[in-house]
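Understanding the architecture of this molecule
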Amino acid sequence: MRIGELAARTGTTTRTLRYYESRGLLPARRDDLGHRTYDESDVELLRQIRTLRDFGFDLEETRPFVECLRAGHPEGDSCPASLAVYRRKLAELDALIGELQAVRATIAVRLASTDGEPPLCELGGQEL
């Protein structure tokens with residue numbers, strides 16, 4: 001299939017596909033006329049990238065998953081390098097959750113300190 005069909009089938013743009021190609025994530029195969037050509041394995045590869053991007057992985061973090069698929073594994077997360085990325089991402093998410101819990105606790109304390117009284121507006125002594 002050509003680049004336009006691949007873009008349509010994977011819900012992306014031809015510009016994005018060219019960018020992935022330039023980053024080495026998408027193979028650059030050409031037919032006799034110089035047109036880019038793709039197959040079903042490229043569709044699966046792009047679905048993997050899109051899923052990971054939707055989960056918050058940056059483009060470079062998808063590389064081990066792509067390489068795992070290219071190595072012939074049916075799933076991009078069945079290789080040690082992919083699992084290492086999962087572990088790093090999980091640690092990153094745990095840290096973010098901890099930060100958000102701390103912010104939430106601070107806000108809860110400040111809210112509780114108002115004793116249920118509506119705050120006065122700083123500009124005119126009027127209630128908010």
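Predicted model, so just to flag it, every value in this text is computed and none were measured.

Okay, the environment of Leu-93 next. With respect to the element layout, Leu-93 can be found in helix H5 (residues 80-112). For Leu-93, a relative accessible area of 38% gives the class partly exposed. Counting along the chain gives 37 residues from Leu-93 to Gly-56, while the straight-line C-alpha distance between them is 9.9 Å.

All right, on to the pattern of salt bridges then. Pairs can form between side chains of opposite charge whenever their charged atoms are close. Counted according to the given criterion, the structure contains 9 salt bridges. The residue Asp-39 makes a salt bridge to Arg-29 at a minimum N-O spacing of 3.7 Å. Pair noted here: Asp-39 is in the loop between helix H2 (14-22) and helix H3 (40-54) and Arg-29 is in the loop between H2 and H3, with a separation of 10 residues, a long-range link. Look at Asp-39 and you get partly exposed, because its relative accessible area is 34%. We note a salt bridge from Arg-63 to Glu-60, for which the minimum N-O separation is 2.6 Å.

A separate point is the packing of aromatic side chains. Applying the stated criterion across every chain, the model contains 3 aromatic pairs. Ring geometry for Phe-57 versus Tyr-86: centroids 6.2 Å apart, planes at 70°, classification edge-to-face. Separated by 29 residues along the polypeptide, Phe-57 in the loop between H3 and helix H4 (63-70) and Tyr-86 in helix H5 bring together distant segments of the chain. Take Phe-57: its relative accessible area is 5%, and that puts it in the buried class.

Turning our eyes to something else, we now look at the UniProt feature "domain: HTH merR-type" (unreviewed entry) in the chain. According to UniProt, the positions carrying the feature "domain: HTH merR-type" (unreviewed entry) are residues 1-68. End-to-end, the C-alpha atoms of residues 1-68 are 23 Å apart, and along that stretch the chain is 56% helix and 0% strand.

Relative to each other, helix H1 (residues 3-10) and H2 sit at 105°, their axes nearing to 9 Å. The orientation of H1 with respect to H2, classified from their angle, is roughly perpendicular. Of the residues in H2, those in contact with Ile-3, Gly-4, Leu-6 and Ala-7 of H1 are Thr-14, Leu-17 and Arg-18. Residues of the contact of H1 with H2, tallied by class, amount to 4 nonpolar, 2 polar and 1 charged.

In protein structure, a disulfide is the covalent linkage between the sulfur atoms of two cysteines. For the structure on display, the rule yields 1 disulfide. Through a disulfide, Cys-68 is tied to Cys-79; the S-S separation comes to 2.1 Å. Between Cys-68 and Cys-79 the sulfur-sulfur dihedral comes to about 80°; the bridge is accordingly right-handed. Placement of Cys-68 in helix H4 and of Cys-79 in the loop between H4 and H5 is noted, with a sequence separation of 11 residues between them. Given the relative accessible area of 2%, Cys-68 is considered buried. Classification of Cys-79 as buried rests on a relative accessible area of 12%.

Cut-offs and rules
Residues numbered from 1 in each chain as written. Predicted model: local features only at pLDDT ≥ 70, side-chain atom pairs only at ≥ 80, totals over all residues. Heavy atoms only, no water. Helix = DSSP H or I, 4+ residues; strand = E, 2+ residues; numbered from the N terminus. Buried < 20%, exposed > 50% of the residue type's maximum accessible area, 1.4 Å probe, protein only. Salt bridge = Lys/Arg side-chain N within 4 Å of Asp/Glu carboxyl O. Phe/Tyr/Trp six-rings, centres within 6.5 Å; stacked < 30°, edge-to-face > 60°. UniProt positions renumbered as here; feature names shortened; annotations may be inferred. Axes fitted to C-alpha atoms, helices over the stretch in contact; angles between N-to-C directions. Parallel < 35°, antiparallel > 145°, perpendicular 65-115°, else oblique. Contact = heavy atoms within 4.5 Å. Nonpolar A, V, L, I, M, F, W, Y, C, P; charged D, E, K, R; others polar. Disulfide = S-S within 2.5 Å.

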